[in-house]
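Here's the letter readout for the chains.
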Amino acid sequence: MVKVLFVCTGNICRSPTAEGVFRHLAERAGLGPHVIADSAGTHSYHVGEPPDQRTQRAALARGVDLSALRARKVVVADFTGFDHILAMDHGHLAQLRRIAPPGTTAALRLFLDDSVGLAGSEVPDPYYGGPDGFEEVLDLCEAGSRGLLDRLMRESKFPIRERIG
């Protein structure tokens, strides 16, 4: 079992999109029973709220239902409860590294680091923009999720060894 936590600022746009897309692609690849995906924010602005309606609409148009998700803030237990904690941008990664307690076992890195041609890239915040920003986030989350699934298969975390296309 592999446990992955996706992190953005308020947990209503980028990280729930990443969680939903990753879970969706894992299910389609037959890996659903082997992953636990969750998302959280670095701040508690939206705790208990569902993902932004624009995020939900864009994801649902691609077959990813985010309606059951609720925002939460990263907690200390996440650093030992997850295998991978993936930040949407450099600011989130820096904050996660600052708050990571001694004994942290989770690998902390950028979400897109495993994506071909996107290592070191950030998933931009679509909150203050138009619909195109939400589509871009979905595109990047699909690329990031495929890269992550490929990495996990290379590391022999799953019984299936085929590349996710």
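Residues numbered from 1 in each chain as written. Predicted model: local features only at pLDDT ≥ 70, side-chain atom pairs only at ≥ 80, totals over all residues. Heavy atoms only, no water.

**Q** If you had to explain the pairing of strand β1 (residues 2-8) to someone new, which residues and values would you point to?
**A** Burial of β1 is extensive: six of the seven residues sit out of reach of the surface. As paired elements, β1 and strand β2 (residues 35-41) share seven bridges and run parallel to each other. Bridge pairing in β2 places Phe 6 opposite Ser 39. A crossover links β1 with its parallel partner β2, the connecting element being helix α1 (residues 14-28), and its sense is right-handed. By the bridge criterion, four bridges tie β1 to strand β3 (residues 84-87) in an arrangement that is parallel. Note that in β3 the partner of Phe 6 across the bridge is Leu 86. (Buried < 20%, exposed > 50% of the residue type's maximum accessible area, 1.4 Å probe, protein only. Helix = DSSP H or I, 4+ residues; strand = E, 2+ residues; numbered from the N terminus. Pairing = 2+ DSSP bridges. Right-handed = clockwise from strand over helix to strand, strands pointing away.)

**Q** I'd like a description of the nonpolar core, backed by residues and values.
**A** Ranked by size, the top nonpolar core spans 35 residues in total, and within it Phe 6, Phe 22, Phe 111 and Phe 158 carry the most contacts. Among the elements of the structure, β1, α1, β2, α2 (53-61) and α5 (131-154) are those that each provide at least two residues to this core. Here this core gets nine residues from one element, more than from any other, and that element is α5. Formed by 13 residues, the second largest nonpolar core is a distinct cluster that contains Leu 5, Ala 40, Val 74 and Phe 82. (Core = buried A, V, L, I, M, F, W, Y, C linked by side-chain atoms within 4.5 Å.)

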